[in-house]
Structures are given as structure tokens and as C-alpha cells.
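Here's the letter readout for the chains.
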Amino acid sequence: MYEEWRAKRKAKKLLKRLRYDSSYENLELYAKHQGWKLRFYNCNDLPGDILLQKMGLAEYASKAHSFCYFSEKQKIIFLRDYASKEIARRLLLHELGHIHLNHLLTVHNFVEQDLDEEHLANCFAYYISHYEQWRKWCKTVTIKIILTVTILFAYFTLLRTVQNTETSDNSIRTGKQEETISQCDQLI
């Protein structure tokens, strides 16, 4: 439970750094600024596939959707090429979760995946994705509330103005009637 809370807290920090924009382009730019290279694979002619062959990671990559490779010389995030930015965004968020939660793996640990670490990286990615949806929903609701309050305020202000006008008209009429009555009394 504590680890999930920690993943959520780290996700919030990343969202603030990203200025609440977790689009694929912004995530890619962020990863590059942190010194990570992004490589796509699974099309047999991509530079990522060639690199995986050279590194001896092709077999591992065939079983994974994405993974991080970290060494003293290189920091690479490998993403399977699905030709969809939304899938690439989700995979990149997952890998950034591993990075921010200090789950960095070396080539020797690829075979043994820790299910707890996978769950926490998924929590990290889920929180970022759903926080944005929640934030958009809040903006929509806030706008609707502001419009409703504005319309109600205008309605009640107009209603009060109309009532005040009617009251002043009545008092003017009442005042004229009293004047007329007093004039009549004087004549009698």
C-alpha cells in the first residue's frame, strides 16, 4: 500500500514537471532531457531492431512490449512499434514509472521480472493518464458551475430590479393617491 502511494506521489511530481501535459511528444522530450534515448523495435528494419541484435537482446525484446536498458554508457527505452502514438504513450509512461520508482534493470535482470515492480509501474502510468482525464472533467464541471452561477445571479439581479421598480411605481401611485385624498379633504 505504501509503495502504491509512493508511485502516485512520484507521478504527481512528474505531472508538475510536465506542466500537466502528458502527450507522447512531451513525454519523449522529457525522457530525452533526462538522458534517455528512445528506440522502437519489431519491424526488422528499424534502428532499434539492429541495436537489439547487437546487444543480444532480440529474444528478450520479442517477449516484451517495452523495457529500459541502463548501463554506465547508455540509457535506452525500447518500445515495440505499434504505429499508434497512444499505445507508445502508455508504454513510455510505464517505463518512466520504472525509472522514477528506481526499478532500473541491467541486461542480467531482464529474464526475472518482478511482478510488484510491474504493478507499481502500471500504477504510476495509470495515475498520470487518469489524472489528466479527471482534470479535464473538473475543468468542464467548473465551467458549467460558473455559467450556472452567473446565469442565476443575473436572473435574481434582474428579478430584484423588476421588484424594486414595481415597488417604486406602487409607492409613487400611493403617494399621488394620498395627495389627491388630502386635496379633496381640504376642499370639503
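Along each chain, residue indices are assigned from 1 in the same order as the chain's sequence is written. Predicted model: local features are reported for residues with pLDDT of at least 70 only, side-chain atom pairs are reported and counted for 80 or more only, and whole-chain, interface and lining totals are derived from all residues. Excluded from the side-chain calculations are hydrogens and water; all other atoms, namely the structure's heavy atoms, are used.

What follows concerns the overall build of the protein chain. Each helix is a run of H or I in the DSSP string that is no shorter than four residues. Each strand is a run of E no shorter than two, and both are numbered from the N terminus. A count of helices and strands for the protein chain gives six helices and three strands. Counting from the amino terminus, the protein chain carries its helices and strands in the arrangement α-α-β-α-α-β-β-α-α. Think of it in three bands: residues with accessible area under 20% of the maximum for their type are buried, residues over 50% are exposed, and the middle band is partly exposed, with areas taken using a 1.4 Å probe on protein chains only. Counting every position in the protein chain, which comprises 188 residues, the buried fraction comes to 29%.

With that settled, consider the packing of aromatic side chains. Any pair of Phe, Tyr and Trp rings, taking the six-membered ring for Trp, is counted once the centres come within 6.5 Å. Such a pair is stacked with planes under 30 degrees apart, edge-to-face with planes over 60 apart, and tilted for the rest. Overall, the coordinates contain eight aromatic pairs when judged by the stated rule. Residues F67 and F78 carry aromatic rings whose centres are separated by 5.0 Å and whose planes lie at 25° to one another, so their mutual orientation is stacked. A residue pair is termed long-range when its members are at least 10 positions apart, and F67 in strand β2 (residues 66-70) and F78 in strand β3 (residues 75-80) qualify at eleven residues. Each member of the pair, F67 as well as F78, carries the same accessibility label: buried.

Moving on, we come to a positive patch on the surface. Among the surface-exposed residues, K8, R9, K12, K13, K16 and R17 lie close enough to one another that they form a single positively charged patch. With respect to the secondary-structure elements, K16 resides in helix α1 (residues 2-17). Note that patches include only residues with greater than 30% relative accessible area and no salt bridge, and the join distances are 9 Å for like charges and 5 Å for nonpolar side chains (Val, Leu, Ile, Met, Phe, Trp, Tyr). What sets the accessible areas is the Shrake-Rupley method with a 1.4 Å probe; for residues, cover comes only from the shown protein chains. Salt bridge, as used here: a side-chain nitrogen of Lys or Arg that lies within 4 Å of a carboxyl oxygen of Asp or Glu. The convention is simple: Lys and Arg are positive, Asp and Glu are negative, and His and the chain ends are not counted. Just so you know, the charge point we use is NZ for Lys, CZ for Arg, CG for Asp and CD for Glu.

This next bit is on the nonpolar core. Within the largest apolar cluster, 27 residues are counted, with the highest numbers of intra-cluster contacts made by L14, L38, I77, L92, L96, F124 and I128. Taken together, the elements giving at least two residues each to this core come down to α1, α2 (24-33), β3, α5 (85-100) and α6 (115-187). Contacts: residue pairs with any heavy atoms within 4.5 Å of one another. Discounting residues that sit within four places of it in the chain, L14 has contacts with Y30, L96, H100, F124 and I128. Here, the term nonpolar core denotes a set of buried Ala, Val, Leu, Ile, Met, Phe, Trp, Tyr and Cys residues that are joined through side-chain atoms within 4.5 Å. Within the second largest apolar cluster, ten residues are counted, among which are L52, A64, F67 and Y69.

So, on to α2. Three or more residues of α2 are buried, namely Y24, N26, L27, Y30 and A31. Considered in projection along α2, the buried side chains sweep an arc of 165° and stay on one side of the axis. Where the residues of α2 are buried, they touch α1, β1 (37-41), β3 and α5. Of all possible arcs, the one meant is that of the directions from the helix axis to the C-beta atoms.

Looking now at the environment of W36. Inspection of the secondary structure puts W36 in the loop between α2 and β1. Taking relative accessible area as the criterion, W36 reaches 4% and is therefore assigned buried. Along the chain, W36 and K75 lie 39 residues apart, while their C-alpha atoms are 5.0 Å from each other. Ignoring anything within four residues of it in the chain, the contact list for W36 reads A31, C68, Y69, F70, K75, I76, I77, I99 and L104.

For the rest of this paragraph, the subject is the layout of surface pockets. The rule is simple: put a 1 Å grid over the protein atoms alone, call a set of points where a 1.4 Å probe fits but cannot get out a cavity, call an open set with protein on both sides within 12 Å along at least five of seven lines a pocket, and count a residue as lining if it has an atom within 4 Å of a point. Grid points are joined across faces, edges and corners, and a volume is the space filled by probe spheres set on the points. Put simply, the second largest pocket is a space of about 180 Å³. When contributions to the lining of the second largest pocket are tallied by element, the ones reaching two or more residues are α5 and α6. Here the element with the most residues in the lining of the second largest pocket is α6; it accounts for seven residues.

Here we take up the environment of L27. Residue position: L27 is located in helix α2. The class for L27 is buried, based on a relative accessible area of 0%. Aside from chain neighbours lying at most four places away, what touches L27 is L18, S22, R89, L92, L93 and L96.

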